[in-house]
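Listed below are the residues making up each chain.
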Amino acid sequence: MRITYPALPLAPASTARPASQEDTLTALRALAAAPRLRIVTHLAAQSRTTQELASLLGLSPSVTSRHLHQLTQAGLTTTQREGYYVLYALAPARLDQIATALITLAPRPED
C-alpha cells in the first residue's frame with residue numbers, strides 16, 4: 001500500500017502588501033547568483049521541473065533543487081505538483097512587488 005500526499009508550497013503565497021526592505025533584500029540576494037538568474041529566465045518562458053532545469057543549465061538536479069529552494073523561499077517561484085514531478089513557475093506578483101520597491105528607491109526628477 002502506498003500513500004501519496006500533495007506537495008505543500010515551500011513559501012507563502014505573495015500578498016499585495018508592499019515589499020519591506022528586508023523582503024526586497026531577500027529577493028535580490030536570491031537573484032544575485034548566475035544560476036538562479038538563468039533559472040528565472042527559463043521559467044519566464046514556461047513552468048519547468050527540476051530535471052528540465054538541470055538539463056538546461058548543465059547542473060546536477062540536486063544543485064538545481066537548492067537554487068530553486070532559495071528562489072521559492074524568497075517568494076520568486078511557486079510550486080505545483082504534477083504526479084511525480086513538481087513544476088516551478090515564476091511568481092509575477094512578487095516580481096512586480098520587487099520592481100516597485102526598486103523604483104521607489106530613486107526619486108524621479110521633477111519635470
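Heads up: these notes are all about the structure in this document. A quick note: this is a predicted structure, and the numbers were derived from the prediction, not measured. (Residues numbered from 1 in each chain as written. Predicted model: local features only at pLDDT ≥ 70, side-chain atom pairs only at ≥ 80, totals over all residues. Heavy atoms only, no water.)

### Description of the environment of Ser47
So, point 1. With respect to the secondary-structure elements, Ser47 resides in the loop between helix H2 (34-45) and helix H3 (50-57).
So, point 2. When its relative accessible area of 35% is taken as the criterion, Ser47 is described as partly exposed.
So, point 3. Along the chain, Ser47 and Thr77 lie 30 residues apart, while their C-alpha atoms are 9.7 Å from each other. (Helix = DSSP H or I, 4+ residues; strand = E, 2+ residues; numbered from the N terminus. Buried < 20%, exposed > 50% of the residue type's maximum accessible area, 1.4 Å probe, protein only.)

### What about the environment of Leu68?
So, point 1. Tracing the backbone shows Leu68 in helix H4 (residues 61-73).
So, point 2. Along the chain, Leu68 and Thr49 lie 19 residues apart, while their C-alpha atoms are 9.9 Å from each other.
So, point 3. Ignoring anything within four residues of it in the chain, the contact list for Leu68 reads Ile39, Leu43, Thr50, Leu53, Thr77 and Tyr88. (Contact = heavy atoms within 4.5 Å.)

### What to know about the pairing of strand E2 (residues 85-90)
So, point 1. Here six bridges tie strand E1 (residues 77-82) to E2, and the two strands are oriented antiparallel to one another. When the sheet's bridge partners are listed, Glu82 is paired in E2 with Tyr85.
So, point 2. The antiparallel hairpin formed by E1 and E2 contains two residues in its connecting segment, where Gly83 sits at a positive phi of about 65°. (Pairing = 2+ DSSP bridges.)

### Focus: the packing of helix H1 (residues 21-31) against helix H5 (residues 92-103)
So, point 1. At a closest axis distance of 10 Å, the pairing of H1 and H5 adopts a crossing angle of 110°. Considering their axes alone, H1 and H5 lie roughly perpendicular with respect to each other. Note that H1 runs across H5; the crossing there is left-handed. Contacts from Asp23, Thr24, Ala27 and Leu28 of H1 reach H5 at Arg94, Ile98, Ala101 and Leu102. (Axes fitted to C-alpha atoms, helices over the stretch in contact; angles between N-to-C directions. Parallel < 35°, antiparallel > 145°, perpendicular 65-115°, else oblique. Left-handed = near helix turned anticlockwise from the far one by under 90°.)

### Section: the side chain of His67
So, point 1. Considering the arrangement of structural elements, one finds His67 in helix H4.
So, point 2. Under the relative-accessibility criterion, His67 is labelled buried at 12%.
So, point 3. In this structure the side chain of His67 is engaged in a polar contact, spanning 3.0 Å, whose partner is the side chain of Arg36.
So, point 4. Setting aside chain neighbours within four positions, we find His67 in contact with Pro35, Arg36, Ile39 and Leu59. (Polar contact = N/O pair within 3.5 Å; in protein donor to acceptor, adjacent residues only side chain to side chain.)

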